[in-house]
Every structure is written in C-alpha cells, then in structure tokens.
Amino acid sequence: MTRSSITRRDFINGVSAATLSGLLAGPNAASAADSTIARADDPPLKQGLRGQYPGSFEIAHVARDGGFTGPVQARDTGEHYDLVVVGGGISGLSAAWFYRRALGSATRILVIDNHDDFGGHAKRNEYRIRGRTLLSYGGTMSIESPFPYSFTAKSLLSELGIDLSRTGGIEQPRIFSGMNRGVFFDSDHFTADRILAGYTPNAPASFWKDAPLDEPSRRALIHLHDPRVNFLPGMTPRGRRTLLQSISYETFLRDYAKLPDQAVAFFHGDGYRNNMRVDSCPAFMAMRYGAPGFAGMRIEQDPVDDSPVFHFPDGNASIARLLVGQLVPAVFGTPQTMESIVTARADYGELDRAGSPVRIRLGQMVVRVEHVGGASAQDKAAGKAPVRIVYQKPDGSDPVRHAVTAENVVLACFNNIIPYIVPELPDPQKEALKYPSKVPMMYTSVVLSNWHAWKQAGISSLSVPHGYYQHLLLDSPARFGAFETVLSPDEPVTLHMLRNPNFPGHPRKEQNRMGRAEMLATPFETIEKETRLQLQRIFGPYGFREEQDILGLTVNRWPHGYAYTYDTLGDPEFPEAEQPHVVGRRPYGRIAIANADSGASAFTNIAIDEAERAVQECLVSRGYT
C-alpha cells in the first residue's frame, strides 16, 4: 500500500507529535512553543502502540503464571508511607485524594503505576500539527453513566473545579450543523460499498431506500424500525421483560422480528453495554440501550435516570490531571480550572520528587503486597500489621526489585491480578477476583489533515458493521478558553476509531478472552495497515488519500479494558452479598480494594465511589472511625 511520510519505525519508537510537527508543518508554522506545550518526550505526545503497550505488563503475566510464589526478595528503600496505592488510574488517584482529605495534607502517600503515564484507562493523546495542539482520548471518554452520580462522585468533581452546568458554553455543536450519524455498508456483506447518512433507531423508510440491501432485508429493516410495530403481541409488560432477559438480541431479531441473514448482519458491529454483541447481549439490555424493535410495545422496566454527559477533549484524562494537580501541585505549577487543565503542561519530573508528601512512581509493577512481621494470619486479617509492597520494572529488564512499607494499601489495579500479588488473601476471595473477564478495547486516535470528506458525506460519526473498526467519530466541537477542538473543514481534526475484537458464537466471557489474545498477538504494523485501508476504502470516493491525509496515529490498546458487568445470559443470578465483585473487594487487614472492577461497572463515577469506600475501610483498619 502507499505509505505516508511518517515511517513505521517512527511509530514503533513512539515518535512524538511535537517531532512530527516539524516534518509536517509549513515553514511559518512552528512558532507556537510556549509554557503550555509539553516536551517532546512527554507520554501524551508518544504515538504508535500505546495503552497497555509492550514493556508495560510482562511481569504481570509472570506473576499470573506462578513466577512469584513463595518469598519475594527485594531491596528495602527505607521508605514508609501512610498509604500506598497500587494503580494510578482515576480510582487510585481518587483514593489518594480521599485519604489525604481525611488525614491531612502532611499525609505521606505513594502511588505506583506500571505505565509511563498516570490516568489508567483515562489516557491523553496529544499532537502538535501545523502550530496547533490537537487532543484526543485513548480510553475513558466522558463524564456519563446510565445512573446518577453519587453525592461522593459529584462532590469530588466539584472540588476539582468541574462544573457541569457550564458545559453549554463549552460545547459548539453548530460546527457540525447538517452532519449526523451514518452507516457504512460494505460490498462483502451487502450489495455495494456505500455511506448512508441520517441513521436513527427509528430510521424511516426513506433512509432505507438507497441502502445496498436485497429487497427482503430492506423490507424487514423498515418493518423493524417502524415504532408502531409490536413484535410481541398478546404478552403482558412483565412477560415481555422476562422473555427479553432470557434471549439474545440476535434471537429476538431472527425469531420474533423475522429478519433474514443480511438484515441481521446490519447489527453485527453494534456494541451494547459492556461491549456485548448482538449474539451475547440480552434483548432486554439492547432495548434499554435504544436498539430498534421495541418502540411499539410496553415492557416492564426500571426508570432510566441518566447522569449528565460531558466530554473533555482528552476524555477523562482531564479528571486525572486535575487530581494530580491537587495531589502534587508542582506538576502543573499553578492551580488549574476545567478550562486551563486542557492545555496545561505537566512536569513529569515533579511526580516522584523526594520530600513531596504525595509521590507518583511510574514505570513500576507491583509484584507482592503482604502484611509484615511475625503476626499470625488472624492478626494480619484484623489489621494489626503494616504492609510491605514490592515492585520492579514491568518489562522484566531489571531483575532488581524494591520494597516500601505502608500503614495502608489500596489496590486500584485490575481484580484479575490481585490473587497473584496478594497470596495471603483467603481462597474464596481469590476465586471471586478471578471471576470477571475484562472487555478488550482498542481506541485509535488519528489526526486528519482536514475533514472535507466527512462534511461531503454529511456525517460526524459512522457505524461500520463489519469493519476492522466498528465506530468512527470526529472530535466533538468544543471551546475551552482559547483552545478549540474543531476549526474549519480545511483544518486538521482528530478522529476516534473504536475496535472491539468480536468472536460470535462463543459465550461473552470467552469472546473477551479470545479478543484479548488476538489484541496482544497483533503487531502495530498490522493495525496501522488495517487503519489506513479502512479509511481509504470508506472515504476514498470523497477525495480522501490516506498517504497524505493521515498526519498522526496513536493506537491505545487495552486487552484488559472495561470492567466486567453481569448480564442475564452469561451469568448466574447471585445473591447480592455473594456477587463476585462484592466478595472480591472485601478488605483484608490493612489492604483495601478500589477500582471499577469492584463495582462491576465500567464508569468513572463507580471508580470514584469504590475509591472512597476503600479509603473508609483503610481508616477503620487503623481505628480512625
């Protein structure tokens, strides 16, 4: 295929957008360096394979495979903290924030993370193109959930200066006026390659008129999207709910809505809550998330009370950055607002500065957490001994391990790894922590030289049922002070591309495991090739040329992505106190667990709530409450 001027080696080596700007900008475009621009080697500016990148996790797999059984030797650093947090994502940073708020600003806290950047899944992608800063999100996108934020979560956002009542003046939807959601039909599964703009769950017959479908499928999809049709007549609302909870959405489409194969294929790229697919998503959950086919019937369901929705240009990385700004003020130098944090430069050299009450130690993987001393197992479980934390480089390149101690530990890492790094946990708790299968996700950020092709197609987002990426979205137009995310169609823009490896026909947890294995086995060269091929195929008819129009590419790979959520097809009905995430998050002595896994829900507010719960358990373990 035709190659761009950015070489594969540049991407593999994590070349920064600041470096690329010198290659891609015109001779008069490079004068914008100022105090808000990050250094070229800062993590958000690195491109290529990011997220859980090679070198950030290999020792965790060694632990999983039994490489750290028995005593683990390490050099004692002599450091003792009030709290050590394992994991620097939003839950871990929130735990540090709540603990410090409870015990005072002099409290000594260490946050350890295996990546080269803080934020966990809330990952910032940054580019310098033609004298402009462009941003995208490499993971957690927005402040939203299908249920209201708790008082705890809302209070923390308020303390960070995030005021959701002001979002109306920030969002600039008029820029995409006349552009809406589209669908790309591919000739491998339909009758032609074609973009159709204007899709909604109640798409009228006029939308389907030009769809490249055979006539039976066209008629079936028109019928399915007709809000007047009841596909479950003669049933009570409760009976419909019971049925829909017991069948997949695919079964509903085939057996009740009578869709032929080509019509069902239209839904193969859709990801419902927790990336459930058409064959693994309960029909009831598909209905709750707006899937077509249910508007003409009454179904018993709980009230829907969504949270507000707000999207920073770098996703919820701005929340992580605001948390870091309060925990380690020297990182940003001055207090930040929800506007200023968007362009504020982080000084990564201040994160782990000796003498700072709160330190954030990046690029280290924790391999053992254990209570110290000769205390009995009963005394350890009762919180009568401090904790030893051992860590080392996550790629295994340095065999030397280091150890610190702490009065409390909050494990804000993935549940699946905890049984292997805390061997003293009770066996039933270990099994509960192993129960979920996290959802693999790939969030790719692409910088386009312009967005004329999108405007010509009349779309700002695109569903691709059978694409390598299933969902494509232009950056949301917004203004944060002097920073604007989207300018005219002539100007560069960031594109978000979402891939969920999908293996139809297998149970959902197995699909997640298979997707994770595929993701880890796929080299960056393959991902880059597929990205370019897909964009060229879709937008080539609109004048797009991948070799000249792709200015930047960052693949945020998350083999262990979203927290696992239970469903009525894939999981038994547990009593509330016996749900795996409830059993798994039980405190053990001075060790507490905080993460979205421990709330069985992949939302930022849950990560915050679980952090606050874990901190309360820490305080109880020390007799403070």
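Everything below is about the structure shown above.
Only a predicted model underlies this, so the values are computations on that prediction, with no experimental measurement involved.

Parameters at a glance
- Residues numbered from 1 in each chain as written.
- Predicted model: local features only at pLDDT ≥ 70, side-chain atom pairs only at ≥ 80, totals over all residues.
- Heavy atoms only, no water.
- Helix = DSSP H or I, 4+ residues; strand = E, 2+ residues; numbered from the N terminus.
- Contact = heavy atoms within 4.5 Å.
- Buried < 20%, exposed > 50% of the residue type's maximum accessible area, 1.4 Å probe, protein only.
- Pairing = 2+ DSSP bridges.
- Axes fitted to C-alpha atoms, helices over the stretch in contact; angles between N-to-C directions.
- Salt bridge = Lys/Arg side-chain N within 4 Å of Asp/Glu carboxyl O.
- Disulfide = S-S within 2.5 Å.
- Expected span 1.5 Å × (residues − 1).
- Core = buried A, V, L, I, M, F, W, Y, C linked by side-chain atoms within 4.5 Å.
- Polar contact = N/O pair within 3.5 Å; in protein donor to acceptor, adjacent residues only side chain to side chain.

Asks: What is the right way to read the environment of Leu-244 from this model?
Replies: Inspection of the secondary structure puts Leu-244 in helix α8 (residues 237-246). A sequence separation of 305 residues divides Leu-244 from Asp-549, and the C-alpha atoms of the two residues are 45 Å apart. Excluding residues within four positions of it along the chain, Leu-244 makes contact with Leu-232, Phe-252, Pro-282, Ala-283, Phe-284, Phe-294 and Ile-299.

Asks: Looking at this model, I keep getting lost on the pairing of strand β17 (residues 493-499). Mind explaining?
Replies: With respect to burial, β17 is a largely interior element, seven of its seven residues being buried. Of the two faces of β17, the one lined by Val-493, Leu-495, Met-497 and Arg-499 and the one lined by Thr-494, His-496 and Leu-498 are each fully buried. Looking at chain direction, strand β12 (residues 439-448) and β17 are connected through seven bridges and run antiparallel. Across the sheet, residue Val-447 finds its bridge partner in β17, namely Thr-494. Of the pairings in the sheet, the one linking strand β14 (residues 471-474) to β17 comprises four bridges and is antiparallel in character. Across the sheet, Leu-474 pairs through a bridge with Leu-495, a residue of β17.

Asks: In this structure, what is going on with the sheet that holds strand β1 (residues 48-51)? I would like to understand it.
Replies: Backbone hydrogen bonds hold the strands of a sheet together, and the pairing may be parallel or antiparallel. The eight strands lie next to each other as β1-β18-β12-β17-β14-β13-β6-β7, forming an open sheet whose pairing is mixed. Pairing within the sheet leaves two strands with one partner each, and these edge strands are β1 and β7 (194-197). Sheet twist, expressed as the average angle between the axes of neighbouring strands with direction ignored, equals 25°. Pairing analysis gives four bridges linking strand β6 (residues 180-185) to strand β13 (residues 459-463), with the strands arranged parallel. Residue pairing in the sheet places Val-183 in a bridge with Ser-463 of β13. Running over the sheet, helix α18 (residues 524-539) touches β1, β6, β7, β12, β13, β14, β17 and β18 (550-562) and is turned about 120° from β18.

Asks: Hey, could you run me through the pattern of salt bridges in this one?
Replies: It is possible for side chains bearing opposite charge to pair when their charged atoms get close. Tallying each qualifying case throughout the model produces 39 salt bridges. The salt bridge partner of Asp-314 is Arg-124, with a shortest N-O separation of 2.7 Å. One end of the pair, Asp-314, is in the loop between α11 (283-288) and α12 (317-327); the other, Arg-124, is in strand β4 (residues 124-129), with 190 residues separating them in the sequence. We classify Asp-314 as buried; its relative accessible area is 1%. With relative accessibility at 5%, the residue Arg-124 sits in the buried group. As a salt-bridge pair, Arg-218 and Glu-215 come within 2.9 Å of each other at their nearest N and O atoms. In this pair, Arg-218 and Glu-215 both sit in helix α7 (residues 215-224), three residues apart, roughly one turn of the helix. What makes Arg-218 buried here is its relative accessible area of 13%. The class for Glu-215 is partly exposed, based on a relative accessible area of 40%. In the salt-bridge network here, residues are joined through shared partners; they are Glu-79, Asp-352, Arg-359 and Arg-361.

Asks: Would you mind showing me how to read the state of the cysteines here?
Replies: Every disulfide links exactly two cysteines, by a covalent bond between their sulfur atoms. Tallied over the full model, the rule gives zero disulfides. With no disulfide of its own, Cys-618 lies closest to Cys-413 among cysteine sulfurs, the gap being 13 Å. Cys-618 sits in the buried class, given a relative accessible area of 1%.

Asks: Which parts of the structure should I look at to understand unusual backbone geometry?
Replies: Phi is mostly negative for residues that are not glycine, and the peptide bonds are mostly trans. Even without glycine at this site, Arg-130 takes up a positive phi of about 50°. When you line up the elements, Arg-130 lands in the loop between β4 and β5 (132-137). One non-glycine residue, Ala-600, adopts positive backbone phi at about 50°. One can find Ala-600 in the loop between β19 (591-593) and α21 (604-621).

Asks: How should I be thinking about α21 in this particular structure?
Replies: Note that an α-helix has 3.6 residues per turn; residues three or four places apart therefore point the same way. The end-to-end C-alpha distance of α21, which contains 18 residues, comes to 26 Å, matching closely the 26 Å that a straight helix rising 1.5 Å per residue would cover. One or two steps after α21, the chain reaches Gly-623, where phi turns positive at roughly 75°.

Asks: I'm lost on the nonpolar core in this one. Help?
Replies: What tends to happen in soluble globular proteins is that the nonpolar side chains get buried as a cluster. Within the largest apolar cluster, 55 residues are counted, with the highest numbers of intra-cluster contacts made by Ile-143, Leu-160, Ile-162, Phe-312, Ile-319 and Val-410. Elements that contribute at least two residues to this core include exactly β2 (75-86), α4 (90-103), β3 (109-112), α5 (151-159), α12, β8 (358-361) and α21. The element best represented in this core is α4, accounting for seven residues. Leaving out residues up to four positions away in the same chain, Ile-143 has contacts with Tyr-149, Leu-157, Ile-162, Leu-164, Pro-308, Val-309, Phe-310, Phe-312, Asn-316 and Ile-319. Grouped together as the second largest cluster of nonpolar side chains are 42 residues, Phe-207, Ala-211, Phe-231 and Val-264 included.

Asks: Honestly, the side chain of Asn-500 in this entry has me stumped. Any pointers?
Replies: Structurally, Asn-500 can be placed in the loop between β17 and α17 (508-521). Given a relative accessible area of 3%, Asn-500 falls into the buried group. Among the polar contacts listed, one links the side chain of Asn-500 to the side chain of Arg-277, at a separation of 3.1 Å.

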